[in-house]
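Understanding the architecture of this molecule
Residues per chain are reported as follows:
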Amino acid sequence: MSEQKAALATRPEILLIEDDPQIRKFLRVMLMAEDYRFYEATAGVEGLAQAATRNPDLVLLDLGLPDRDGVELIRDIRKWSQMPIVVISARGLERDKIEALDAGADDYVTKPFTPGEVSARIRAALRRAAVLDKNEPSEIVNFGNITMNLAARKVSVGGADVHLTPNEYKLLLVLLRHSGKVLTQRQLLKEVWGPEHVEDREYLRVFMSQLRHKLEADPAHPKYLMTEPGIGYRLLTEP
Amino acid sequence: MGPSRFRDFFRGFIVVAVCTAIVFPLRTHLAAANLVMIYLVGVIVVAAKTDKRAAVLTSILSVAAFDFFCVPPYLTFRVSDYEYLITFAVMLGLALFISAMTARLRAHASEAIAREAQTAALYRLSNNLAGRTRTFDIFKAAAELAEETFQSKVTVFMPDQAGHISFMKRTSDRLIVPSAEQTIAQWVFEHGERAGKGTASFRNASALYLPVKGEQRIFGVMAIVRTSTSVAIENVHLLDVFLKQTAFAIERAIAASTAQAAEVRVETESLRTSLLSAVSHDLRTPLASITGAAATLRSHWSRLDGGTRTELLSTVTDEAERLNRLVNNLLEVTKLESGVRLQKERFPLEEIVGAALLRLKAQLANRQVHTAIPSDLPLVAMDAVLMEQVFINLLENAIKYTPAEDPIEIAAGKHDSVVEIEVRDRGAGFPPDHEYRIFDKFFRGRTDNIRGAGLGLAICRAIIEAHGGSISAENRAGGGAIIRFQIPLTDAKQNDSESRSKGEL
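Residues numbered from 1 in each chain as written. Chains lettered and ligands numbered in written order. Predicted model: local features only at pLDDT ≥ 70, side-chain atom pairs only at ≥ 80, totals over all residues.

**Regarding the overall build of chain B**
Check the secondary structure of chain B and you find 13 helices and 12 strands. For chain B, the proportion of its 505 residues judged to be buried stands at 30%. The long-range share in chain B, meaning contacts at least 24 apart out of those at least 6 apart in sequence, stands at 65%. (Helix = DSSP H or I, 4+ residues; strand = E, 2+ residues; numbered from the N terminus. Buried ≥ 20, exposed ≤ 12 C-beta atoms within 10 Å, placed from the backbone. Contact = placed C-beta atoms within 7 Å.)

**Looking at the interface of chain A and chain B**
Size of an interface, as often reported, equals the accessible area lost when the parts are brought together. With 21 residues of chain A at the contact, the number on the chain B side is 24 residues. Those elements that provide at least two residues to the side of chain A that touches chain B are α9 (201-215) and β11 (225-228) of chain A. Counting residues per element, the side of chain A that touches chain B draws most heavily on α9 of chain A, at seven residues. Looking at the side of chain A that touches chain B, its residues break down into eight nonpolar, seven polar and six charged. (Nonpolar A, V, L, I, M, F, W, Y, C, P; charged D, E, K, R; others polar.)

**As for the nonpolar core**
Membership of the largest hydrophobic core comes to 51 residues, with the highest contact counts inside it found for V59, L60, L61 and V87 of chain A. Top element by residues in this core is α9 of chain A. It accounts for six residues. There are two domains that each give this core at least three residues, and those are domain 1 (2-134) and domain 2 (140-235) of chain A. Setting aside chain neighbours within four positions, we find L60 of chain A in contact with I14, L16, I17, V86 and I88 of chain A. If you look at the next biggest cluster of nonpolar residues, it comprises 42 residues, including A220 of chain A together with V385, V390 and A398 of chain B. (Core = buried A, V, L, I, M, F, W, Y, C linked by C-beta atoms within 7 Å. Domains from an automatic or database assignment.)

**A word on the sheet that holds strand β4 (residues 208-213) of chain B**
Residue and element names in this part refer to chain B. Read across the sheet, five strands follow the order β2-β1-β5-β4-β3 without closing on themselves; strand pairing throughout is antiparallel. With one partner strand each, in any of the chains shown, β2 (165-170) and β3 (195-196) form the two edges of the open sheet. For strand β1 (residues 152-159) and β2, the ladder comprises three bridges, and the chain directions are antiparallel. In the sheet register, F157 faces β2, and the bridge partner there is R170. Those strands touched by helix α5 (residues 135-150) are β1 and β5 (218-226), and its axis lies near 160° from that of β1. (Pairing = 2+ DSSP bridges. Axes fitted to C-alpha atoms, helices over the stretch in contact; angles between N-to-C directions.)

**Side note on the pairing of strand β11 (residues 470-475) of chain B**
Where β11 of chain B meets strand β12 (residues 481-488) of chain B, six bridges bridge the pair, whose relative direction is antiparallel. Of the residues in β12 of chain B, the one forming a bridge with S472 of chain B is R484 of chain B.

**Comments concerning the environment of A125 of chain A**
Residues and elements named next belong to chain A. Tracing the backbone through its elements, the reader meets A125 in helix α6 (residues 115-134). Residues A125 and D57 lie 68 residues apart in sequence; the distance between their C-alpha atoms is 9.8 Å. Among all residues touching A125, those that are not within four sequence positions of it are L58, P84, V86, D106 and D107.

**Looking at unusual backbone geometry**
Cis rather than trans, the peptide bond between K111 of chain A and P112 of chain A has omega equal to -5°. Secondary-structure assignment places P112 of chain A in the loop between β5 (107-111) and α6. Cis geometry is found at the peptide bond from P72 of chain B to P73 of chain B, where omega equals -5°. Looking at where P73 of chain B falls in the secondary structure, it is placed in the loop between α3 (52-70) and α4 (84-129). For F202 of chain B, which is not glycine, the phi torsion reads 55° and is therefore positive. Here F202 of chain B lies in the loop between β3 and β4. Assessed through the 19 C-beta atoms surrounding it within 10 Å, F202 of chain B is described here as partly exposed. One non-glycine residue, D416 of chain B, lies in the positive phi region at around 50°. Position of D416 of chain B among the secondary structure elements: in the loop between β9 (408-415) and β10 (418-424).

**What about the packing of helix α4 (residues 70-78) of chain A against helix α5 (residues 94-103) of chain A?**
Relative placement of two packed helices is described by the angle separating their axes and the distance separating the axes. Residues and elements named next belong to chain A. Contact pair α4 / α5: the axes reach a minimum separation of 9 Å and the direction vectors enclose 5°. Classed by the angle they form, the pair α4 and α5 counts as roughly parallel. Contacts from G70, V71, I74, R75 and R78 in α4 reach E99, A100 and A103 in α5. Considered class by class, the residues forming the contact of α4 with α5 number four nonpolar, one polar and three charged. (Parallel < 35°, antiparallel > 145°, perpendicular 65-115°, else oblique.)

**A few points about the sheet that holds β10 of chain B**
Residues and elements named next belong to chain B. The sheet built from five strands is open, its strands ordered β7-β9-β10-β12-β11 with mixed pairing. The sheet is open, and its two edges are formed by β7 (369-372) and β11, each paired on a single side. Neighbouring strand axes in the sheet, compared pairwise and without regard to direction, differ in orientation by 15° on average. Bridge count between β9 and β10: seven bridges; the pairing is antiparallel. Within the sheet, the bridge partner assigned to G413 lies in β10 and is E420. Sitting on the sheet, helix α10 (residues 384-401) touches β9, β10 and β12, and the angle it makes with β10 is about 25°.

**Quick notes on helix α6 (residues 182-191) of chain B**
All names here are of chain B. For α6, every residue scored as buried is listed here: I184, A185, V188 and F189. For α6, the angular spread of the buried residues around the axis is 140°, confining them to a single face. Across α6 from its buried face, at more than 90 degrees, point the exposed residues T183 and H191. Check the buried side of α6 and you find it contacts β1, β2, β3, β4 and β5. (Arc of directions from axis to C-beta.)

**Observations concerning the pairing of β10 of chain B**
All names here are of chain B. Of the two faces of β10, the one holding V419, I421 and V423 is buried and the one holding V418, E420, E422 and R424 is not buried anywhere. Joining the antiparallel neighbours β9 and β10 is a turn of two residues, in which D416 adopts a positive phi near 50°. Pairing between β10 and β12: seven bridges, direction antiparallel. Each bridged residue has a counterpart across the sheet, and for E420 the counterpart in β12 is Q486.

Note that every value here comes from positions in space, so none of it alone points to a role or purpose.
Here's what the structure looks like:
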């Protein structure tokens, strides 16, 4: 009981920047039901001002705002803060999502969405931020039947060692560092192969495929190495 | 006198010498008429192999040799019996006649050979040009064949957007002409007459410029420079036919593409019409359910029991989801229809399948999906978002018609230059004869009773065909349906470069 009270006292603050009143209405209900504290902004300029003054724990941002380009807004926030940003965007606007993620957004939800999806994304982003703050990378990471020994640079599946090439290992490591977060193809290529390879998407696909064949029971039905079509990849370390 | 003519004359001497060597020992045993025959054979041999002048020379030599060696008194040109003068005259006459006839025969034969070569060249040209649809390809093929046929250097210059002949727009770099001659090419293009080397206008130019002239307009200018081995000028006629054939091929290609564009327009029109009627039906049905359920909940909330409320709420969410799927499909169709180019990149097939399965996670929660995708399947060039939609539509169909306990199967394999993919279920299958029509419904404009399924499959077909593939359906042995589609693999060259780049990493 006392634990729950402590949680309430420190319950996270969320800034919702959304111009559509109907969507704002149902997100408001959802945020209240999940016990978050929250503030609303209906336009970009107002949202940026609120983000600066209130310094929320997370920003939920619709990319299609009437007054400002959502991606620009993310860049502005990223100049002074690493607060998690989850963007809301329509299907078919994959390029907007990629731009938002490359600009520093943490995750996205696609319209139309259910309250459950949004709340899952918010929780995951908040959890990642908390882990990042602690900044204690453990030596051994387990997910499913996969074990990664970061000190020895070894990976095993169901107890059996799996040989990964240096680039496969590097790719897996980058995904693991941001586990749960979607990484754009550009971000992955830049981190694993370097900035001159950001357009070599086929490399990435071939290596992801090889990783899946080595780590997943059924590569066409992956449990951990998830594809975000047209955008990038995400490592799921918990079901 | 060229060396070959000198050789011909020499050959005449040799033949007469050989004839004399045969005749000389026999001169006392045989009649003069028979000796003459042997010389005439010699004349025929020479005439068959050489030109007319050498044959005439051989004829005269033969008469002289006959007189000198075979007519008494021997080894002088004197004649004891004046009857021999008649023999000489007849012999010379015959020899000359034979020479003339043989030369004429030879001329006929070589003419026939040349004509055959021309026919063959034109045949190859029309063969080579048929089926080409781009003006540039036609010009390129024609230029290459002209080089071969006329043993010359050939290039074709094409006009730019503004109607000016540009040396930048050429079929090859094998023939380099001074850029100042662009004005000559332009003149030829405007006047439709030949100009340049060997003609009345611009005779000092380095090349001969010929218009490629169609019925209505001129398509380009062909430049020719003859080399030392070039075929002689008598082929000017052949060159004209050559150019005409090329122009004709271009006209035909233009006409064909115009017709095709018209056909596409008609198809698009009918697609749009049937789309509109199908869509208005498909959109209104879920909208009606949502409106009805929500309005009922609002006005009768207190009178409804908990179970009914939940049921009506599920109607709202389910129908909204259906509406969402429909709108997704419509967006894809609109994209395809408005001629948006496919964003094709090469993907491992399993990645696309995996993404579709993830998208349908909720609907597949209690289902078994068996995938059989060989790990050595090459990458396939696809528009990832559209191809994911294909799998989503096919899987949704399978889910709709298959009992929950039966597995859905996705199998893929490489066959020659295509990847073949099958989605199989154990549902009701298709009514007999319908397997050929399910993809068509929508396109034929049959709007009766088209539900989401019809639209979904029609969109699958549109997407697969936009990828250059084909899709078909059949009933499965033992019950159920198989939807099968093929997507062409990219050519071997690209595969090469892929394996190379993989090797570098």
